Amino acid sequence: MSNLSEHPFVERIALGIEYFGHGFKGWQRQPSAKPSIQEELEKALSRIANAPIEVVCAGRTDAGVHATHQVVHFDSPVERNDNSWIRGVNSQLPDQIGVRWIRRVDSSFHARFSATARRYRYIIDNSPTMPVIHRNGVTWHYAPLDEQTMNEAGQALLGENDFTSFRAKECQSHTPMRNIHHLMVRRIGGLVVIDVKANAFLHHMIRNIAGVLCEVGDGRKPVEWVAEVLAAKDRSQASVTAPPHGLYFVDVDYDACYSIPKGSESLGPLLVSPVNHLFDC
């Protein structure tokens, strides 16, 4: 395989990626932790380009977390048509990862730094017995949840706040300040869905929010407790971190000049078929 430095720069390419995170060590390539989504994608792209390719993503996800609309970019040292970048790369990827779309973008585009907001959904199977078919695609909570109470409690987190109480101890962000644009909780049959959009997220922030809201939803804590946890700025005052397998990265916002598709334009069927319809809205 030829070295990237031997090739002149050709163009910057953005891709929409979908993946089912079960069995992977998360997004980020790490020598001591395999397999990762990034590593598998870079290997496939490098085979098609016949040159080493490195990608940058909109938001790194933890082990076991899924994505229906991850956005990445890379600088291609060779010319390939859209079919090669989609079908060709998909032929080299494991079944749990797929390229959904391609955009040729200006060199100013950066999948991470050009993003103005990110959106996740956390899906809870709220049934008396543990699910079997889609157990690695949802989080199971057997105690009945009141989604309306959870939604009411979640409104205390809107706006720009210090989310120290909701960040992991190992979080590397220089600031705990984040701005949540919306937080909605609703029920679709036996599934409770927490939908959160913010300018960015701290490590484990959504999973810690989910853990707190579940304690309110099943009656262990009052609605006012969420605001108290936020104000405490103390991780020990919150709940346990919810499991990763209910979490989906579903959308990213960019300036319209880049013509990056929205999540609803690019979502294909999930590997977890019982929750497909949750991503069509």
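Here the structure is a predicted model, which is why all the values come from computation and not from measurement. Note on numbering: residues in each chain are counted from 1, in written sequence order. The model is predicted, so local features are restricted to residues of pLDDT at least 70 and side-chain atom pairs to those at 80 or more, both for listing and for counting; the totals for chains, interfaces and linings are taken over all residues. Heavy atoms throughout the structure, all of them, feed into the side-chain values; hydrogens and water do not.

Caption draft 1: The pattern of salt bridges, seen in detail. Salt bridges are defined by distance alone: a side-chain nitrogen of Lys or Arg within 4 Å of a carboxyl oxygen of Asp or Glu. As enumerated under the stated definition, the model contains 13 salt bridges in all. Between Asp 75 and Arg 12 there is a salt bridge, and its shortest N-O distance comes to 2.6 Å. Remark: Arg 12 occurs in strand S1 (residues 11–19) and Asp 75 occurs in strand S3 (residues 66–76); sequence separation between them is 63 residues. Only protein chains enter the calculation, and the probe is 1.4 Å; a residue is then buried if its accessible area is under 20% of its type maximum, exposed if over 50%, and partly exposed in between. For Asp 75, a relative accessible area of 28% translates into the label partly exposed. When its relative accessible area of 14% is taken as the criterion, Arg 12 is described as buried. Look at the salt bridges and you will find they share partners, linking Lys 197, Asp 251, Asp 253 and Lys 262 into a network. In this text, helices come from DSSP runs of H or I with a minimum length of four residues, and strands from runs of E with a minimum of two, each type numbered from the N-terminal end.

Caption draft 2: Spatial organisation of the nonpolar core. Residues enter a nonpolar core if they are buried and are Ala, Val, Leu, Ile, Met, Phe, Trp, Tyr or Cys, with the set joined through side-chain atoms within 4.5 Å. One finds Leu 41, Ile 194 and Tyr 254 to be the most contacted residues of the largest nonpolar core, which totals 73 residues. Considering each element in turn, this core owes the most residues, 8 residues, to helix H4 (residues 205–217). Between two residues, a contact is recorded if the distance between any of their heavy atoms is within 4.5 Å. In contact with Tyr 254, not counting residues within four places along its chain, are Ala 58, Val 71, Phe 109, His 110, Ala 111, Ser 114, Ala 115, Thr 116 and Ile 260. Within the second largest apolar cluster, 6 residues are counted, among which are Ile 123, Leu 191, Tyr 248 and Val 250.

Caption draft 3: Spotlight on the UniProt feature "binding site: substrate" (unreviewed entry) in the protein. UniProt positions are given in the numbering used here, feature names are shortened, and annotations may be inferred rather than shown by experiment. Sites flagged by UniProt as "binding site: substrate" (unreviewed entry) map to Tyr 120. One can find Tyr 120 in strand S5 (residues 117–125). Beyond its immediate sequence surroundings of up to four residues, Tyr 120 is in contact with Arg 60, Thr 61, Ile 194, Asp 195, Val 196, Phe 201, Ile 206, Leu 247, Tyr 248, Phe 249 and Val 250.

Caption draft 4: Quick peek at the packing of aromatic side chains. Here a pair means two rings of Phe, Tyr or Trp (six-membered ring of Trp) with centres within 6.5 Å. Their orientation is stacked below 30 degrees between planes, edge-to-face above 60, and tilted elsewhere. Enumeration over the complete set of coordinates arrives at 8 aromatic pairs. Both rings, one in Phe 109 and one in Tyr 254, keep their centres 5.0 Å apart while their planes meet at 55°; by these two values the pair is tilted. On the criterion of sequence distance, the pair formed by Phe 109 in the loop between strand S4 (97–105) and S5 and Tyr 254 in the loop between strand S10 (247–253) and helix H6 (263–266) is long-range, its members being 145 residues apart. Across the pair, Tyr 254 and Phe 109 agree in class, each one buried. Three or more aromatic residues link up through ring pairs in this structure, and these residues are Phe 109, Tyr 254 and Tyr 258.

Caption draft 5: Looking closely at the packing of helix H1 (residues 37–49) against helix H2 (residues 82–90). Where H1 meets H2, the axes come as close as 9 Å, and the angle between the chain directions of the two elements is 125°. Relative to H2, the element H1 lies oblique. Judged by the twist between their axes, the crossing of H1 over H2 is right-handed. Within the contact between the two elements, H1 uses Leu 41, Ala 44, Leu 45, Ile 48 and Ala 49 and H2 uses Ser 84, Trp 85, Gly 88 and Val 89. For helices, the axis comes from a line fit to the C-alpha atoms of the stretch in contact; other axes are also lines fit to C-alpha atoms, and the angle between any two N-to-C directions lies between 0 and 180 degrees. Orientation labels follow simple angle bins: below 35 degrees gives roughly parallel, above 145 gives roughly antiparallel, 65 to 115 gives roughly perpendicular, and whatever is left gives oblique. By convention the crossing between two helices is left-handed if the near helix lies anticlockwise of the far one by an angle smaller than a right angle, and right-handed if it lies clockwise.

Caption draft 6: Summary view of the layout of surface pockets. One number sums up the size of the largest pocket: a volume of about 1100 Å³. Using only the protein atoms, space was sampled on a 1 Å grid; points where a 1.4 Å probe fits but cannot get out form cavities, open sets with protein on both sides within 12 Å along at least five of seven lines form pockets, and lining residues are those with an atom within 4 Å of a point. Taken together, 37 residues form the lining of the largest pocket, with Gly 59, Arg 60, Arg 112, Phe 201 and His 203 sitting closest to its centre. Among the elements of the structure, strand S2 (56–57), S5 and H4 are those that each provide at least two residues to the lining of the largest pocket. Examining the composition of the lining of the largest pocket, we find that 3 residues originate from one element, H4, more than from any other. Grid points are joined across faces, edges and corners, and a volume is the space filled by probe spheres set on the points. Taken as a whole, the second largest pocket encloses approximately 300 Å³ of empty space. Around the second largest pocket, the lining is made up of 20 residues, and of these Thr 139, Trp 140, His 141, Ala 242 and Pro 243 lie nearest the centre. Taken together, the elements giving at least two residues each to the lining of the second largest pocket come down to S5, strand S6 (139–140) and H4. Of all the elements, H4 adds the most residues to the lining of the second largest pocket, at 4 residues. Polarity classes work like this: nonpolar for Ala, Val, Leu, Ile, Met, Phe, Trp, Tyr, Cys and Pro, charged for Asp, Glu, Lys and Arg, and polar for all others, with Gly in that last group. By residue class, the composition of the lining of the second largest pocket is 11 nonpolar, 6 polar and 3 charged.

Caption draft 7: Inspection of the pairing of S1 at higher detail. Within S1, 9 of the 9 residues are buried, which leaves it mostly tucked inside the rest of the structure. Of the two faces of S1, the one lined by Glu 11, Ile 13, Leu 15, Ile 17 and Tyr 19 and the one lined by Arg 12, Ala 14, Gly 16 and Glu 18 are each fully buried. By the bridge criterion, 8 bridges tie S1 to S3 in an arrangement that is antiparallel. Counted as the bridge partner of Ala 14 is His 73 from S3. For two strands to count as paired, DSSP must find a minimum of two bridges between them.

Caption draft 8: Spatial organisation of the confidence of the model for the protein. As a per-residue quantity, pLDDT reports the predictor's confidence and falls between 0 and 100. When pLDDT is averaged across the protein, the result is 91; 90% of the residues are at 70 or more. Contacts from residues 265–276, a stretch scored under 50 in pLDDT, to residues over four places away or in other chains number 31 contacts.

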